[in-house]
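Report on the structure
Okay, here's what each chain looks like letter by letter:
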Amino acid sequence: MSVLLFLIPITLALSLLGLGCFLWALKSKQYDDLEGAASRILFDDQDKNSDKK
Amino acid sequence: MIRACSHCGEDTKKIEEEFCCLGCSAAYKIINKLGFENYYKLREIDPKIRKIKPEIEEEIDVAEFVFDQKDGSHSVSLMVQGLHCAACVWLIESILKKQQNVITARINLFRKTLFLRWKGDAKDGNKLIHIISEIGYKLLPFDEEILNTSEKKYNDSILRALAVAGFGVGNVMLFSFALWFYDVGKMGIETRNLMHFFSSLIALPVIVFSSRPFFSSAFKSIKAGYPNMDLAIAIAIFLACAVSLLETFRGAENVYFDSAVMLIFFLLIGRYLDLKARKKAFAIASEFTLLAASFGRVEDGKKIKILPSKQLQEGMILLVGAGEKIAADGVVIDGESEIDMSLISGETLPKKIQKNHEVFAGTINLISPLRIRITKSTQNSLLSKIISLSDGIGSAKNHYVRVADRLSKIYTPAVHLLAFLTFCLWCFYFKIGWEGSLMNATAVLIITCPCALALAVPIIQTIAISNFIKKGILVKSGEALEKLNEIDVIVFDKTGSLTIGKPRLCDVFLLRNEEKISLTKEQKNFYLKLAASLAKKSRHPISRAISASYLGDLEELQVEESQGLGLSSIFENKILKLGRETFCTIAGGNILRQAQHENNVTLLNDDSQLNCFMKFGEDELVFFFEDEIKTDAKLVIERLKQMDKKIILLSGDVEKTVERVAKKLAIAEFYFEQTPVSKVEILEKVKAKNKKFIMIGDGLNDAPSLALADVSISFAQAADISQNIADVVIQGQKLQPIIDLINFSQRAISLMKQNLLIALLYNLVAVPFAIAGFVVPLIAAIAMSSSSLLVLFNSLRMNKGVNL
């Protein structure tokens, strides 16, 4: 059972990381405009192409 | 061939021309020069949104709205008018990012706003904005503070709490699963205690963080003197934690951390659903049109400054372009125009104004630019007076007790009493000691904790509200949904609610010797074509009505507009004039009186001119208009009567017009020439009889009545303030949604009640086990999630069998 002593902290660390990421995303206003983000992704490629030209 | 303008998509009006104006051609060149020609291929023009036609504008100064950031950069928030699709977003962002010094340029498509941040001089912002206005988008600065409302903060805090609770549930469950399915014999007491310890380590901070919404609401309810559902939740959470912590330290067998965290998680999901549905409705209900009116362009020496309306002071000179909203009360010092007063007075036709006339905030300048000297600061304007009248009424409104709260009034004390009795039973009758007794009492609280109850209402609400949105009905509060079920009286405003609120052409006659002569179809068509060709460009409601009534090809005419009088041109070498009788040099007074007398053509107001004349060579014509009753009004009123609802018509218009509409729709009870205050008085009488009523209105003059109503319904084209007050905003010109609303809310309420019943029955079965002390954490968890699931599945039946 002593393996638990490693596994539990690892699990916790990983899930805390995930939580941290979410909270960061929320704080940087990524959840304010879900519509815009959904369509903006379609245009980023265009942008790069026109830069290359 | 006439083609659409390559830049803005409007008709070019000239043959073989690529652009409609110089501005568009310049904008097209700019976009091509910057290498964004792809934009034209990718975009989709939404006909409902303002065309991206550049307007020649004075230099604007947004200095008042610029924020200085900590790192020395500057930022400003702007509303963008003319955002059609994602391609527009891409174009604006890309162009701005190519500019020097721009750090961030981000458009929020949901809110239609642009956030701009740049290095260097604060004044550079004006240049950046100028670039975007040059290609045709209109940018209006606003105060970011307005958006950081408490609503938004609350929304974020719920989402944060939800995330933390989700994290807690996932991790605590890892231990709980092990604890549920392995007994002490297999894992040993030390391991079990270690797992309890870890559970508490995760659960306690999570619970402290994410249960705040419930605790704060519970405290509020205690202060207000009536316990709500949140109080029961808060106590259950607190006891579950306290007991589990105690058990952990004692090294005892059962802890309830998983139940407590799961409870919070489920409840937060319900809260979040609730918020999300409302947020969506709010965003669409164009709160931004309200912002659009919240600034004014003020002359400051030779420059034009944009000021928030709060800062508009007496004596300033306000500039109002054609089509713009007037931001403050004042007196015209320059210019002649017509203004749309319909939102203040309910009159259909615009009022002609010139020098020295008074104008009011909230009205719309229709024809030509005006210079106005402000006579009252915004706080004292007529608009704010009406708003504060409405606010006063709104806050004095009776507190409505919602279905779930009504239940919790009985439920909460009953559950607590039950838990207390359980404690007494075990402690004093079976004498197992206070720890064990407390444990059993807590189990009762956990098992009865209104998890399913708390989900029962928000789920239905979310489904109902999103269904309504698809139909173009925005329901802004769940409360309205419940109240709709108890309505006895329905009160309509006339202009804009029962009628369309805009003139519509109803007939054309030829005038000869002061007699009116009917026309053949061909003749009618010919004259209409001429009139429509003249009226094409004019913004006057009558011109628009003429344009709307003729759909064929138009003649190309050089039209001259005489402000407030009419339009003139030359066609086939004959003079063509459209407008008032004096303008067309026609003596038509007799005809009008005659028409009014016969009452076969309707004049809207006695003194208003719901008619216009045309002279073409020697032919004299008269056009009659009416404020058309909405097509489905009659049917809807009939249906409402069948539902045993009483109908009242309440209008600011004159007796004759109101009576005519009432007669046509068979409404027995009607009131005319009402002011905003007298409307409220009438409605208070209705209220005094203990009747619940819906108010349906669109004007500013209806705003106080809307605030008073149990449920208020407004329209998407209504005054901003009315839309903001109304519980429900309907898009489009139909009244049918009112019936849908009532029917569908009935179904929603019955499902809500079913849900509550299921949750209650569940508790009824589970409680004896809890009292008997059989409920170990596994059973508590199963009971909680399965009752929530059952409620969820029942709610999904909502969409079945209803054509919405």
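Residues numbered from 1 in each chain as written. Chains lettered and ligands numbered in written order. Predicted model: local features only at pLDDT ≥ 70, side-chain atom pairs only at ≥ 80, totals over all residues. Heavy atoms only, no water.

**Some remarks on the overall build of chain B**
- Within chain B one finds 28 helices and 29 strands.
- Looking at chain B as a whole, 53% of its 804 residues qualify as buried.
- Taking the intrachain contacts of chain B between residues at least 6 apart in sequence as the baseline, contacts between residues at least 24 apart amount to 69%. (Helix = DSSP H or I, 4+ residues; strand = E, 2+ residues; numbered from the N terminus. Buried < 20%, exposed > 50% of the residue type's maximum accessible area, 1.4 Å probe, protein only. Contact = heavy atoms within 4.5 Å.)

**Points about the overall build of chain A**
- Per the secondary structure count, chain A includes two helices and zero strands.
- Within chain A, the fraction of its 53 residues that count as buried is 25%.
- Taken as a whole, chain A presents about 4000 Å² of accessible surface, with 69% of it coming from carbon and sulfur. (Areas by Shrake-Rupley, 256 points an atom, 1.4 Å probe, with all protein chains shown as cover.)

**Quick notes on the interface of chain B and chain A**
- Listed as interface residues are 34 residues of chain B and, on the opposing side, 25 residues of chain A.
- Counting each side, the surface lost to burial between chain B and chain A is near 2500 Å², with a carbon and sulfur contribution of 67%.
- Counting the contacts that link chain B with chain A gives one residue pair in polar contact (both at pLDDT 80 or more).
- Of all the elements in the fold, those that place two or more residues in the side of chain B that touches chain A are helix 2 (38–42), helix 3 (86–98), strand 4 (102–108), helix 6 (150–181) and helix 7 (184–210) of chain B.
- Residue contributions to the side of chain B that touches chain A peak at 10 residues, all from helix 6 of chain B. (Buried area = accessible area lost by both parts, 1.4 Å probe. Polar contact = N/O pair within 3.5 Å; in protein donor to acceptor, adjacent residues only side chain to side chain.)

**Quick notes on the packing of helix 14 (residues 403–429) of chain B against helix 27 (residues 736–772) of chain B**
Residue and element names in this part refer to chain B.
- The geometry of helix 14 relative to helix 27 is characterised by a closest axis approach of 11 Å and an angle of 5 degrees between their N-to-C directions. Classified by the interaxial angle, the pair formed by helix 14 and helix 27 is roughly parallel. In this structure, helix 14 uses V403, L407, Y411, L418, T422, L425 and W426 to contact helix 27, whose residues at the interface are L756, L760, N763, V767, I771 and A772.
- A class-by-class count of the residues in the contact of helix 14 with helix 27 yields 11 nonpolar, two polar and no charged. (Axes fitted to C-alpha atoms, helices over the stretch in contact; angles between N-to-C directions. Parallel < 35°, antiparallel > 145°, perpendicular 65-115°, else oblique. Nonpolar A, V, L, I, M, F, W, Y, C, P; charged D, E, K, R; others polar.)

**Notes on the confidence of the model for chain A**
- Looking at chain A, pLDDT values average 76 and 77% of them are 70 or higher.
- Across residues 46–53 of chain A, where pLDDT falls below 50, the model places seven contacts with residues more than four positions away in sequence or in other chains. (pLDDT = per-residue confidence, 0-100.)

**Section: the sheet that holds strand 27 (residues 693–696) of chain B**
Residue and element names in this part refer to chain B.
- Pairing within the open sheet is mixed, and its seven strands lie in the order 16-29-28-27-17-25-26. The strands lining the two open edges of the sheet, one partner per strand, are strand 16 (473–475) and strand 26 (669–671). Strand-to-strand twist of the sheet, defined as the mean angle between neighbouring strand axes without regard to direction, takes the value 20 degrees.
- As defined by bridge partners, strand 17 (residues 489–493) adjoins strand 25 (residues 646–650) across five bridges and the pair is classed as parallel. (Pairing = 2+ DSSP bridges.)

**So, the pairing of strand 10 (residues 330–334) of chain B**
All names here are of chain B.
- By the bridge criterion, two bridges tie strand 10 to strand 13 (residues 358–359) in an arrangement that is antiparallel. Residue pairing across strands places G330 opposite V359, the latter belonging to strand 13.
- Bridge count for strand 10 against strand 15 (residues 370–374) is four bridges, and the pairing is antiparallel. Residue pairing in the sheet places G330 in a bridge with I374 of strand 15.

**Quick notes on the sheet that holds strand 22 (residues 574–579) of chain B**
All names here are of chain B.
- In space, the seven strands of this open sheet follow the order 19-18-24-23-22-21-20, with antiparallel pairing throughout. The open sheet has two edge strands with one neighbour each: strand 19 (515–517) and strand 20 (560–562). Each strand axis lies, on average, 30 degrees off the axis of its neighbour in the sheet, ignoring direction.
- Two elements, strand 18 (residues 499–512) and strand 24 (residues 619–629), share nine bridges in a ladder whose sense is antiparallel. Within strand 24, the residue paired with P503 across the bridge is D627.

**Things to note about the packing of aromatic side chains**
Residue and element names in this part refer to chain B.
- Counting across every chain of the model gives 14 aromatic pairs over all chains.
- Judged by centre distance (6.1 Å) and plane angle (40 degrees), the rings of F571 and F616 are tilted. Taken together, the positions of F571 in strand 21 (residues 566–571) and F616 in strand 23 (residues 611–616) put the pair 45 residues apart, joining distant regions of the chain.
- Three or more aromatic residues joined by ring pairs form one cluster here, namely F19, Y28, Y39 and Y40.
- When the ring centre of F715 is taken as reference, the NZ or CZ atom of K630 above it lies at 3.7 Å. (Phe/Tyr/Trp six-rings, centres within 6.5 Å; stacked < 30°, edge-to-face > 60°. Lys NZ or Arg CZ within 6 Å of the ring centre and 35° of its normal.)

**Details of the pattern of salt bridges**
Residue and element names in this part refer to chain B.
- In this structure the tally under the stated criterion is 10 salt bridges over all chains.
- A salt bridge links D230 to R271, with the shortest nitrogen-to-oxygen separation between them at 2.7 Å. With a gap of 41 residues between them, D230 in helix 9 (residues 229–250) and R271 in helix 10 (residues 257–284) connect regions that are remote in the sequence.
- D230 sits in the buried class, given a relative accessible area of 6%.
- Because the salt bridges share partners, they merge into one network encompassing D493, K679 and D702. (Salt bridge = Lys/Arg side-chain N within 4 Å of Asp/Glu carboxyl O.)

**Quick look at the confidence of the model for chain B**
Residues and elements named next belong to chain B.
- Across chain B, the average pLDDT comes to 79, with 86% of residues at 70 or higher.
- For residues 285–292, every residue scores under 50 in pLDDT, and the model assigns this stretch 18 contacts once sequence neighbours within four places are set aside.
- Throughout residues 597–609 the model reports pLDDT below 50, and contacts reaching past four residues in sequence, or to other chains, amount to 30 contacts.
- The complex prediction reports pTM at 0.67, with the ipTM value standing at 0.82.

**Quick look at a nonpolar patch on the surface**
Residue and element names in this part refer to chain A.
- Taken together, the side chains of V3, L5, F6, L7, I10, L14 and L17 make up a nonpolar region of the molecular surface, amounting to roughly 750 Å² of accessible area.
- Position of L17 relative to the elements: it lies in helix 1 (residues 4–27).
- The class for L17 is exposed, based on a relative accessible area of 56%. (Patch = residues over 30% accessible without salt bridge, like charges linked within 9 Å, V, L, I, M, F, W, Y side chains within 5 Å.)

**As for the nonpolar core**
All names here are of chain B.
- Counting 75 residues, the largest nonpolar core has I207 and L268 as its most contacted members.
- Counting residues per element, this core draws most heavily on helix 6, which supplies 15 residues.
- If we ignore the near neighbours within four places in the chain, the residues touching L268 are I158, A161, L162, A165, S210, P213 and F214.
- Membership of the second largest hydrophobic core comes to 52 residues, among which are A480, L665, I713 and M798. (Core = buried A, V, L, I, M, F, W, Y, C linked by side-chain atoms within 4.5 Å.)

**Regarding the environment of Y272 of chain B**
Residues and elements named next belong to chain B.
- Position of Y272 among the secondary structure elements: in helix 10.
- Linking Y272 and D156, residues 116 residues apart in sequence, is a C-alpha distance of 9.7 Å.
- If we skip the residues at most four places from it in the chain, Y272 touches N155, I158, L159 and L162.

**A short note on helix 1 of chain A**
- Its 24 residues give helix 1 of chain A an end-to-end C-alpha distance of 34 Å, which sits within 8% of 34 Å, the value for a rise of 1.5 Å per residue.
- Directly after helix 1 of chain A, the chain includes K29 of chain A, whose backbone phi takes a positive value near 65 degrees. (Expected span 1.5 Å × (residues − 1).)

**Focus on the packing of helix 3 of chain B against helix 4 (residues 124–134) of chain B**
All names here are of chain B.
- Two numbers describe how helix 3 lies on helix 4: the axes approach to 11 Å, and their chain directions differ by 140 degrees. With respect to their mutual orientation, helix 3 and helix 4 come out oblique. Judged by the twist between their axes, the crossing of helix 3 over helix 4 is right-handed. Across the interface between the two elements, I92, I95 and L96 of helix 3 pack against L128, I131 and I132 of helix 4. (Left-handed = near helix turned anticlockwise from the far one by under 90°.)

**Focus on the side chain of S568 of chain B**
Residue and element names in this part refer to chain B.
- Examined against the element boundaries, S568 turns out to sit in strand 21.
- Take S568: its relative accessible area is 15%, and that puts it in the buried class.
- If sequence neighbours within four positions are ignored, S568 has contacts with L534, Q558, V559, E560, L576, K577 and F583.

**Quick notes on unusual backbone geometry**
Residue and element names in this part refer to chain B.
- One non-glycine residue, E572, lies in positive phi territory at about 50 degrees.
- Mapped onto the elements, E572 comes out in the loop between strand 21 and strand 22.
- Looking at E572, the relative accessible area reads 54%, which means it is exposed.
- Residue E673 is not a glycine yet carries a positive backbone phi of 50 degrees.
- On the secondary structure map, E673 appears in the loop between strand 26 and helix 24 (676–688).

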